Amino acid sequence: DNVVRYNAIENNSIGIQLMSIRTSVSNNNFINNEKYHATAYNSRLSWLISNKWVGNYWDRGRVLPYPILCQFFIFPWIELDWNPANVPNSIS
């Protein structure tokens, strides 16, 4: 039950890598990250409980949901930011 909100996550190899579940990631700016802007890994049996991604800016304005590649042991799955930001979020 973590909250990641109002951060500028820029110029990294991997922007953010979650190792937990039920994390809320909202209103962040993911800009110019090399491999991934975001990813998640879950080794618990609670792999059906996902993280919540809302209103993040992903390097450019988006109309469609933004997919976040995740992994449960060796099995991949995708979580979505259903409402990505069209312009960078105002972060002070």
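None of the values given here were measured: they were computed from a predicted structure.

The rules behind each value
Residues numbered from 1 in each chain as written. Predicted model: local features only at pLDDT ≥ 70, side-chain atom pairs only at ≥ 80, totals over all residues. Heavy atoms only, no water. Helix = DSSP H or I, 4+ residues; strand = E, 2+ residues; numbered from the N terminus. Rg over C-alpha atoms; globule rule 2.2 N^0.38 Å. Buried < 20%, exposed > 50% of the residue type's maximum accessible area, 1.4 Å probe, protein only. Contact = heavy atoms within 4.5 Å. Areas by Shrake-Rupley, 256 points an atom, 1.4 Å probe, with all protein chains shown as cover. Lys, Arg positive; Asp, Glu negative; His and termini not counted. Charge placed at Lys NZ, Arg CZ, Asp CG, Glu CD. Core = buried A, V, L, I, M, F, W, Y, C linked by side-chain atoms within 4.5 Å. Pairing = 2+ DSSP bridges.

Re the overall build of the protein
Phase 1 of the analysis: On a plain count of helices and strands, the protein comes out with zero helices and ten strands.
Phase 2 of the analysis: Listing each helix as α and each strand as β along the protein from the N terminus yields β-β-β-β-β-β-β-β-β-β.
Phase 3 of the analysis: Here the protein has a C-alpha radius of gyration of 13 Å; the compact-globule value for 92 residues is 12 Å, and the two agree.
Phase 4 of the analysis: Along the longest, intermediate and shortest principal axes, the C-alpha atoms of the protein span 35 × 25 × 25 Å.
Phase 5 of the analysis: Scored against the burial criterion, the 92 residues of the protein give a buried share of 39%.
Phase 6 of the analysis: Pairs at least 24 residues apart make up 49% of the contacts formed inside the protein by residues separated by at least 6 positions.
Phase 7 of the analysis: Carbon and sulfur atoms form 54% of the exposed surface of the protein, whose accessible area is close to 5,800 Å².
Phase 8 of the analysis: Charged side chains of the protein number 7 positive and 6 negative; the gap between the two group centres comes to 6 Å.

So, the nonpolar core
Phase 1 of the analysis: Grouped together as the largest cluster of nonpolar side chains are 15 residues, with contacts concentrated most on Phe30, Ala38, Trp53, Trp58 and Ile68.
Phase 2 of the analysis: Listed by contribution, the elements that provide at least two residues to this core are β3 (14-18), β6 (36-42) and β9 (66-72).
Phase 3 of the analysis: If you tally residues by element for this core, the top one is β9, at four residues.
Phase 4 of the analysis: Each residue touching Ala38, except ones within four places of it in the same chain, is listed here: Ile16, Phe30, Trp53, Trp58, Ile68 and Leu69.

Focus: the sheet that holds strand β2 (residues 8-10)
Phase 1 of the analysis: Here we have three strands laid out as an open sheet, ordered β2-β5-β8, and parallel in their pairing. Because the sheet does not close on itself, it has two edges, and the strands there are β2 and β8 (57-58).
Phase 2 of the analysis: Note: strand β5 (residues 29-31) against β8, two bridges, orientation parallel. When the bridges of β8 are listed, Asn29 appears paired with Tyr57.

What to know about the pairing of β9
Phase 1 of the analysis: In β9, alternate side chains face the same way, and those of Tyr66, Ile68, Cys70 and Phe72 are buried while those of Pro67, Leu69 and Gln71 on the opposite face are not.
Phase 2 of the analysis: Across three bridges, β6 lies against β9 in parallel orientation. The partner of Tyr41 across the bridge, within β9, is Gln71.
Phase 3 of the analysis: Where β9 meets strand β10 (residues 75-81), seven bridges bridge the pair, whose relative direction is antiparallel. Bridge pairing links Cys70 to Trp77 in β10.
Phase 4 of the analysis: Here β9 folds back onto β10, and the loop between the two strands holds two residues, one of which, Phe73, carries a positive phi near 55°.

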